[in-house]
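Given next are the chains, with one letter for each unit.
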Amino acid sequence: MSELLLELLSEEIPARMQLRAADDLKRLVVEGLKARGLDVGEARAFSTPRRLTLVIENVPHGSPAISDEKKGPRVGAPEQAVQGFLKSAGLASIDDATIVKDEKKGDYYVAKIEKPGRAAPEIIAETVTDVAAKFPWPKSMRWGSSPFQWVRPLQSVLCLLGGKVVPFEINGIASGHETRGHRFLGPGPFKVKSFADYQEKLESHHVILDPAKRAAAISEQAHALAKEAKLELVEDDALMAENAGLTEWPVVLMGSFEKAFLEVPGEVLITSMKTHQKCFSVRDPKAKKLANKFLLVSNLVAKDGGTQIVSGNEKVIRARLSDAKFFWEQDLKHPLGEMAGKLAHITFHEKLGSQKDRVERIEQLAFELAGACDADPQDARRAAGLCKADLVSEMVGEFPELQGLMGRYYAEHVGTKPEIARALELHYKPKGPTDTVPREDQGDAVAVAVALADKLDTLVGFWAIGEKPTGSGDPYQLRRAALGVIRIVLENDLRVPLSERLAEHGAPVVRSIFTAGLAKTSVKEFLSSWKLPGIKPDLFDRERPSDATLQTIAEEVVAAWGVERVPDLLSFFADRLKVFLKDQGQRHDLIDAIFSLGGQDDLALIVRRVEALDAFLKTDDGTNLLAGVKRAANILSIEEKKDKKSYAGPYDLALLKEKEEIALAAAIEAVKQDTTSAIQVENFAGAMRALSELRAPVDAFFDKILVNADDKQVRENRLRLLSEIRAATLTVADFSKISG
């Protein structure tokens, strides 16, 4: 067994591509070697700005020889079949095949195939050149006259197996045992013997191979410099990783800028320095206010201690922060209300009109939702009217990631009510699965209303124009929007009947489409996605309908919305809720058992029902009742299939003779009433307790009663009694969906 070491040295690889490229190199090479019969050991991949490196342990000296048999056609088969067999088996003549006797099916040909093993260097050379030729860079380039593509011009290839060079070429570059160190601090070539030797010599030539170690070095130096200045680092893992991808020998230095820039919101300064110069910010550890210092990561050990590097960065930072300060001051000259008026000139989607159209819809929906979260309806309307205004600001134009936050700052600057100002920032939340949601109990009820309205409008709008997520893509992030609604509702324990809200909001969305969106798209294209019996889309092939006709069509689409699209959108919410609850540890079968009841559109109640059902099934009563219900369902299924009829419906009380069946009937009627009463007051734990009263009579019934009695009437009546067990439990959950 030997060690394989591979390095592909090139010009600078973009930082964002390095980790993925290292993983791809490891995966593709290992898969290629194994596919060619070389079963290798552990593989590790590394990346720096100039190199991809792969080391694989326990590489055998070669692939094993393979002896195989390939079954062919029967003796006497058509010539075409025989020739196909010879070609696939690699035989020159049918005489090279063996005939196998088979008295039942007839004699047939067999080819004995002997594949000799191959030497590891041969397999490695073939694999590496193949991987390099097809490497999946997001973007690549050609240089010179060669058709070969790589992310940046390839400079050298190092490939050793057990310390010996594996010979091959990539784009005319021969593999060898040499590499280079840091471009400036250790540029000369040097030879290596093994991975340990390679890694040690790289470090002596100022290259830290492992990106995790480079990030750790940056973090250690940055924290030390901040502490020395009695400040603390503003943590940013993504920026740390990016700088690790920009340097082979990171050196952290501290610079400063004028205190006047601190008048600008700290987030703006942080974003500007990060975006333009990849610099870290620092702050006062007690006040948490930004300091007029920054940390940069150099790829050099400068002779002057970094003075010139710092000076150069300070000049650039000063220019960038001057721009940010200018944007801030210019934006403050224009109130948010004035900015909001300019939203009419910003298209939200060509089929859904402008941002102004959308904001008007969100305003009304936020007003309607305010009661569900105890927000002031007028405050919710006002916040919704301003929630997208900062999109036209100079600052958000430069730094789109600051949308919402800048709206809050501009609102606070003119003395807007705090809860409205916060809503302008918080209504975008949650931005991902780990992000927080606005909370009513933290004084952000207005933000809750606006956040829900914003996300529901997005979902209704894209469902109306038929732009739903597919298995391969979700360009408008509709899954995230639905998950945002689910988390906001659940974490605030809100009562929001989705069917009603979605149906009602469909009307303004559809009208926006007709008044704004259809001015930019095809009427026929839009109508063809709807089932409107009275409208023929091909009528509009040549001319646009009149405004009166469009109004009539719009009303028909509004009517069709609730019937055609709302159930589909509710189903989408159900799927997202299942995913969310599964991630929370809830059993998927219990979620299905509740959804199968139909009419489940109150997210908070669905979750409470699932939790109550889960707790019930963990008890002895729950476990035994589930078994009894499933037994009843199985008997019914068998007998209904055999008799070709359904036994759903009421039983005949007069035909109940045995005490066990009489007791079961009484228990069923009591449970129906008790569970219904408990569910009406949302006492789901009480409904489960009521359901547990069925356990004993069901057990007794199956112990003492023969369902398939000789008397036909008695048999049918007992089967109807079993169907009533199923009906009684359906007030709580569909037990047929529960495993166990």
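The coordinates are above.
What you are looking at is a predicted structure, and each value in this text was computed from that prediction instead of being measured.

Things to note about the overall build of the protein
When you go through the protein residue by residue, the secondary structure sums to 26 helices and 18 strands. A compact globule built from 740 residues should have a C-alpha radius of gyration of about 27 Å, whereas the protein, at 36 Å, is more than 25% larger. In terms of principal-axis extent, the alpha carbons of the protein reach across some 100 × 95 × 65 Å. Relative to its 740 residues, the protein shows a buried fraction of 48%. A sequence separation of at least 24 residues applies to 69% of the contacts in the protein between residues at least 6 apart. Carbon and sulfur atoms form 50% of the exposed surface of the protein, whose accessible area is close to 35,700 Å². Positive and negative side-chain charges of the protein, numbering 101 and 110 respectively, have mean locations separated by a distance of 3 Å.

Description of the packing of aromatic side chains
Counting across every chain of the model gives 15 aromatic pairs. Considering the side-chain rings of Phe-46 and Phe-195, the 5.6 Å spacing of their centres and the 20° angle between planes classify their relative orientation as stacked. Taken together, the positions of Phe-46 in strand 2 (residues 43–48) and Phe-195 in helix 4 (residues 195–204) put the pair 149 residues apart, joining distant regions of the chain. Judged on exposure class, the residue Phe-46 and its partner Phe-195 are both buried. Both rings, one in Phe-701 and one in Phe-702, keep their centres 5.6 Å apart while their planes meet at 80°; by these two values the pair is edge-to-face. Given a relative accessible area of 0%, Phe-701 falls into the buried group. Assessed through its relative accessible area of 10%, Phe-702 is described here as buried. Every member of this aromatic cluster is reached through a ring pair, and the members are Phe-135, Trp-137, Trp-143, Phe-148 and Trp-150. The residue whose ring lies beneath Lys-71 is Tyr-108, and the NZ or CZ to ring-centre distance is 4.6 Å. Sitting above the plane of the Tyr-409 ring, Arg-408 keeps its charged end 4.6 Å from the centroid.

Thoughts on the sheet that holds strand 4 (residues 66–74)
Strand order in the open sheet formed by three strands is 4-6-5, and the pairing between neighbours is antiparallel. Two strands lie at the open edges of the sheet, namely strand 4 and strand 5 (98–100), each paired on one side alone. Sheet twist, expressed as the average angle between the axes of neighbouring strands with direction ignored, equals 35°. Two elements, strand 4 and strand 6 (residues 108–115), share seven bridges in a ladder whose sense is antiparallel. Among the inter-strand pairings, Arg-74 is bridged to a residue of strand 6, identified as Tyr-108.

Quick word on the packing of helix 22 (residues 620–643) against helix 26 (residues 712–729)
With their axes 9 Å apart at the nearest point, helix 22 and helix 26 run at an angle of 130° to one another. As far as their axial angle goes, helix 26 and helix 22 are oblique. Once helix 22 is placed against helix 26, the crossing between them reads as left-handed. Two secondary-structure elements touch here, helix 22 through Val-629, Ala-632, Ile-635, Leu-636, Glu-639, Glu-640, Lys-642 and Asp-643 and helix 26 through Arg-715, Leu-719, Leu-722, Ser-723, Ile-725, Arg-726 and Thr-729.

Comments concerning unusual backbone geometry
The linkage connecting Lys-429 with the following residue, Pro-430, adopts the cis geometry, with an omega of -5°. Within the secondary structure, Pro-430 sits in the loop between helix 14 (418–426) and helix 15 (445–464). Even without being a glycine, His-206 presents a positive backbone phi close to 65°. Residue placement: His-206 occurs in the loop between helix 4 and helix 5 (211–228). For His-206, a relative accessible area of 25% corresponds to the partly exposed category. Positive phi, normally seen in glycine, also occurs at Asp-374, with a value near 55°. In this structure, Asp-374 sits in the loop between helix 10 (355–369) and helix 11 (377–386). For Asp-374, a relative accessible area of 63% corresponds to the exposed category.

Some details on helix 23 (residues 659–680)
For helix 23, built from 22 residues, the straight-helix expectation of 32 Å at 1.5 Å per residue is met to within 8% by its first-to-last C-alpha distance of 32 Å. Listed in full, the buried residues belonging to helix 23 are Glu-660, Glu-661, Leu-664, Ala-665, Ala-667, Ile-668, Val-671, Thr-675, Ala-678 and Ile-679. Where helix 23 is buried, its residues touch helix 21 (603–617), helix 24 (684–692), helix 25 (695–704) and helix 26. The first or second residue beyond helix 23 is Glu-682, which carries a positive phi of 60°.

As for the sheet that holds strand 13 (residues 232–233)
Think of a sheet as strands paired side by side through backbone hydrogen bonds, with each pair either parallel or antiparallel. Pairing is antiparallel in the open sheet, where four strands are placed in the order 13-15-16-14. Both edges of this open sheet fall to strand 13 and strand 14 (251–256), since each of them pairs with a single strand only. Two elements, strand 14 and strand 16 (residues 290–298), share six bridges in a ladder whose sense is antiparallel. Opposite Gly-255, over in strand 16, you have Phe-294 as the bridge partner.

Examining the nonpolar core
Core analysis: the biggest nonpolar cluster contains 154 residues, and Leu-459, Phe-573, Leu-577, Leu-613, Leu-694 and Leu-722 have the highest contact counts within it. Apart from residues no more than four positions distant in its own chain, Leu-694 is found in contact with Leu-625, Leu-664, Ala-667, Ile-668, Val-671, Ala-728 and Thr-729. With 38 residues, the next largest nonpolar core counts Ala-21, Trp-137, Val-157 and Ile-170 among its residues.

A closer look at the layout of surface pockets
When its volume is computed, the largest pocket comes out at roughly 560 Å³. Forming the boundary of the largest pocket are 20 residues, of which Tyr-428, Asp-454, Thr-458, Gln-477 and Arg-480 lie nearest the centre. Ranked by residues supplied to the lining of the largest pocket, first place goes to helix 15 with four residues. For the lining of the largest pocket, the class distribution of residues is nine nonpolar, four polar and seven charged.

A closer look at the environment of Gly-163
Counting through the fold element by element, Gly-163 comes out in the loop between strand 7 (154–161) and strand 8 (164–165). The exposure class assigned to Gly-163 is partly exposed, which follows from its relative accessible area of 38%.

Quick look at the pattern of salt bridges
Inspection of every chain in the model, using the stated rule, returns 54 salt bridges. For Arg-27, the salt bridge identified is with Glu-31, shortest N-O distance 4.0 Å. Here Arg-27 and its partner Glu-31 are both found in helix 1 (residues 15–35), four residues apart, which amounts to about one turn of the helix. Each member of the salt-bridge network shares a partner with another, and the members are Arg-36, Arg-118, Glu-122, Glu-126, Asp-130 and Lys-134.

Criteria and cut-off values
- Residues numbered from 1 in each chain as written.
- Predicted model: local features only at pLDDT ≥ 70, side-chain atom pairs only at ≥ 80, totals over all residues.
- Heavy atoms only, no water.
- Helix = DSSP H or I, 4+ residues; strand = E, 2+ residues; numbered from the N terminus.
- Rg over C-alpha atoms; globule rule 2.2 N^0.38 Å.
- Buried < 20%, exposed > 50% of the residue type's maximum accessible area, 1.4 Å probe, protein only.
- Contact = heavy atoms within 4.5 Å.
- Areas by Shrake-Rupley, 256 points an atom, 1.4 Å probe, with all protein chains shown as cover.
- Lys, Arg positive; Asp, Glu negative; His and termini not counted.
- Charge placed at Lys NZ, Arg CZ, Asp CG, Glu CD.
- Phe/Tyr/Trp six-rings, centres within 6.5 Å; stacked < 30°, edge-to-face > 60°.
- Lys NZ or Arg CZ within 6 Å of the ring centre and 35° of its normal.
- Pairing = 2+ DSSP bridges.
- Axes fitted to C-alpha atoms, helices over the stretch in contact; angles between N-to-C directions.
- Parallel < 35°, antiparallel > 145°, perpendicular 65-115°, else oblique.
- Left-handed = near helix turned anticlockwise from the far one by under 90°.
- Expected span 1.5 Å × (residues − 1).
- Core = buried A, V, L, I, M, F, W, Y, C linked by side-chain atoms within 4.5 Å.
- 1 Å grid on protein atoms, 1.4 Å probe; cavity = no way out; pocket = protein on both sides within 12 Å on 5 of 7 lines; lining within 4 Å.
- Points joined across faces, edges and corners; volume = space filled by probe spheres on them.
- Nonpolar A, V, L, I, M, F, W, Y, C, P; charged D, E, K, R; others polar.
- Salt bridge = Lys/Arg side-chain N within 4 Å of Asp/Glu carboxyl O.

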